[in-house]
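Commentary on secondary and tertiary structure
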Amino acid sequence: MIANLLQLAAEEEQNPLVPPGPELLVGTIAFAIVFFFFWKKLLPNINKVLEERRAAIEGGIEEAEAMKTEAQSVLEQYKAQLAEARHEAARLRQEAQEQGAALIAEMRAEGQRQREEIVAAGHAQIAADRKAAASSLRQDVGRLATTLAGKLVGESLEDHARQSRVIDRFLDELEEKAEAAR
C-alpha cells in the first residue's frame, strides 16, 4: 500500500500547500499527543501558577487598600493632633498675654501706690519742713521784733510771756493780711 501511495504521489503533481497523506496522519497524531500532554500536564500547572499569581495580586491589592486606609486614618489622627496642638498653643499664648497684661497692670498699680506713698511722704516732709521753717522764722522774727520793739519803746521786752504774746499777735496779723491779699 505504501508503494501504491508512493506511485500515486509520484504520478500526481504535488501541491506545496497540501502535505502528503502519511505526513498529515503522522502530524495529526503527533499534534494530538502534544495537545493531550499540554492539556493534562502543563495546562493545570499553568492554571495553578496563574491562580496563585492572581491571588497574590489580589492579596497585594487588598493589603495596599488596608495600608491606604490605615495611612488615611493615621493622617486624620495627625491632623487632629496638629489642630489640637495649634489650639493648645493659641490658648497658652492667650493665657500668657492675659498674665502679662495682669502683671503689667499689677506693676502699674504697685508703681502708682509707691508713687503716691513717695508723694505723700514728700508732702509730709514739706509740711514738716514748712512747720519747722515757720517755727524757726517765728523765733527769729520774734527776737528781731522784740529787739526792735524794745529799741522803739525804750524799755526792755525781755519777759518771755509778754514776748510770746506780742510775737503771736504780730504774726497772726501778718497771716491775716496775706490771706486777705490772695
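Predicted, not measured: the structure shown is a model, and the values here were computed from it.

This part takes up the overall build of the protein. Per the secondary structure count, the protein includes 3 helices and 0 strands. Looking at the protein as a whole, 4% of its 182 residues qualify as buried. Put simply, the protein shows about 16200 Å² of open surface, and 62% of that area lies on carbon and sulfur atoms.

The tally for this structure, following the rule as stated, stands at 6 salt bridges. Two residues, R91 and E88, come together in a salt bridge whose shortest N-O distance is 2.2 Å. In this pair, R91 and E88 both sit in helix α2 (residues 21–153), 3 residues apart, roughly one turn of the helix. The class of R91 is partly exposed, set by a relative accessible area of 35%.

Of the residues in the protein, 82% have a pLDDT of 70 or more, and the chain-wide mean is 82. Mean pLDDT values over the elements of the protein span from 59, in helix α1 (residues 2–11), up to 88, in α2.

Now for the packing of aromatic side chains. In total, this model carries 3 aromatic pairs according to the counting rule given. Taken together, a centroid distance of 6.3 Å and an interplanar angle of 50° make the contact between F37 and F38 tilted. With a relative accessible area of 45%, F37 lands in the partly exposed category. Over the ring of W39 we find K40; its NZ or CZ atom is 5.0 Å from the centre of that ring.

This brings us to a nonpolar patch on the surface. Among the surface-exposed residues, V34, F37, F38, L42, I46 and L50 lie close enough to one another that they form a single nonpolar patch of about 530 Å² accessible area. Checked against the element boundaries, L42 lands in helix α2. Its relative accessible area of 31% is what places L42 among the partly exposed residues.

Rules behind the numbers
Residues numbered from 1 in each chain as written. Predicted model: local features only at pLDDT ≥ 70, side-chain atom pairs only at ≥ 80, totals over all residues. Heavy atoms only, no water. Helix = DSSP H or I, 4+ residues; strand = E, 2+ residues; numbered from the N terminus. Buried < 20%, exposed > 50% of the residue type's maximum accessible area, 1.4 Å probe, protein only. Areas by Shrake-Rupley, 256 points an atom, 1.4 Å probe, with all protein chains shown as cover. Salt bridge = Lys/Arg side-chain N within 4 Å of Asp/Glu carboxyl O. pLDDT = per-residue confidence, 0-100. Phe/Tyr/Trp six-rings, centres within 6.5 Å; stacked < 30°, edge-to-face > 60°. Lys NZ or Arg CZ within 6 Å of the ring centre and 35° of its normal. Patch = residues over 30% accessible without salt bridge, like charges linked within 9 Å, V, L, I, M, F, W, Y side chains within 5 Å.

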